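# Architecture and fold: a report
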Amino acid sequence: MTPSRRTLISSAAAALALSALAALPVQAQTQAKLKVGLMLPYTGTYAALGNAIENGFRLHVAEQGGKLAGREIEFVKVDDESDPSKATDNVNKLIKRDNVDVLIG
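This structure is a prediction, so every number in the text was calculated from the model and none was measured.

All right, on to the pattern of salt bridges then. Taken as a whole, this structure holds 5 salt bridges when the rule is applied. The shortest N-O distance in the salt bridge between Lys77 and Glu54 comes to 3.3 Å. Here Lys77, found in strand β3 (residues 71-79), pairs with Glu54, found in helix α2 (residues 47-63); they are 23 residues apart in sequence, far enough to count as distant. A salt bridge links Arg97 to Asp98, with the shortest nitrogen-to-oxygen separation between them at 2.9 Å. For Arg97, a relative accessible area of 53% corresponds to the exposed category. Shared partners join several salt bridges into a network, and the residues in it are Glu54, Arg58 and Lys77.

The following block contains the structure:
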């Protein structure tokens, strides 16, 4: 099965986010956990895609010793339900309520 454009774009976005996180400076002092917001489809037609993106990201973090930029990771998940009309509310929840540092979606 050939990957769809959405799969390729989502994979590219995740790779870009990972490379940006890896470029963050590492400080010697103890830092708070890096909060990563995952706004992905966990239900519906694209649920498998959302799970695959999350699993890939978690695998990369595990390969880096459970840390990125020297900081432990805390994941916050939101189901985007593959509904673009909910994107603004979901982003606001992750940023304002959950105070995430990075958003993947």
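Now that the structure has been shown, the text picks up again.
Grouped together as the largest cluster of nonpolar side chains are 13 residues, with contacts concentrated most on Leu34, Val36, Leu38, Phe57, Leu68 and Ile73. Put simply, the parts of the chain that give this core at least two residues each are β1 (34-40), α2 and β4 (102-104). By size, the runner-up hydrophobic cluster in this structure holds 5 residues, among which are Met39, Val76, Val78 and Val100.

With that settled, consider the pairing of β1. For a regular strand, side chains alternate in direction, first toward one face of the sheet and then toward the other. Most of β1 is tucked away, with 7 of its 7 residues classed as buried. Neither face of β1 is left uncovered, since the one carrying Leu34, Val36, Leu38 and Leu40 and the one carrying Lys35, Gly37 and Met39 both have all their residues buried. Pairing between β1 and β3: 7 bridges, direction parallel. Considered in β3, the bridge of Gly37 is made with Val76.

Here the focus is the packing of aromatic side chains. Applying the stated rule across the entire model yields 1 aromatic pair. Taking the centre distance of 5.8 Å and the plane angle of 85° together, the rings of Phe57 and Phe75 count as edge-to-face. Pair noted here: Phe57 is in helix α2 and Phe75 is in strand β3, with a separation of 18 residues, a long-range link. Positioned over the ring face of Phe75 is Arg58, at 4.0 Å from the centre of the ring. In this structure, Lys77 is placed above the aromatic ring of Tyr42, and the distance from its NZ or CZ to the ring centre is 4.6 Å.

Parameters at a glance
In every chain, residue numbers begin from 1 and rise along the written sequence. With the structure being a predicted model, the display of local features is reserved for residues of pLDDT at least 70 and the display and counting of side-chain atom pairs for 80 or more, all residues being used for whole-chain, interface and lining totals. For the side-chain quantities, the full set of heavy atoms in the structure was used; hydrogens and water were omitted. We count a salt bridge whenever a side-chain nitrogen from Lys or Arg sits within 4 Å of a carboxyl oxygen from Asp or Glu. Under the DSSP-based scheme used, a helix requires at least four consecutive residues in state H or I and a strand at least two consecutive residues in state E, with every element numbered from the N terminus. Throughout this description, buried means an accessible area under 20% of the type-specific maximum (1.4 Å probe, protein chains only), exposed means over 50%, and partly exposed covers the range between. Nine residue types can take part in a nonpolar core, namely buried Ala, Val, Leu, Ile, Met, Phe, Trp, Tyr and Cys, and a core is a set of them joined through side-chain atoms within 4.5 Å. In this description, strands pair whenever DSSP reports at least two bridges between them. To pair, rings of Phe, Tyr and Trp, with the six-membered ring standing in for Trp, must have centres within 6.5 Å; the planes then decide the type, stacked if under 30 degrees apart, edge-to-face if over 60, and tilted in the middle. Placement of a positive charge over a ring is assigned whenever Lys NZ or Arg CZ falls within 6 Å of the ring centre and within 35 degrees of the normal to the ring plane.

Any functional reading would require information beyond the geometric quantities listed.
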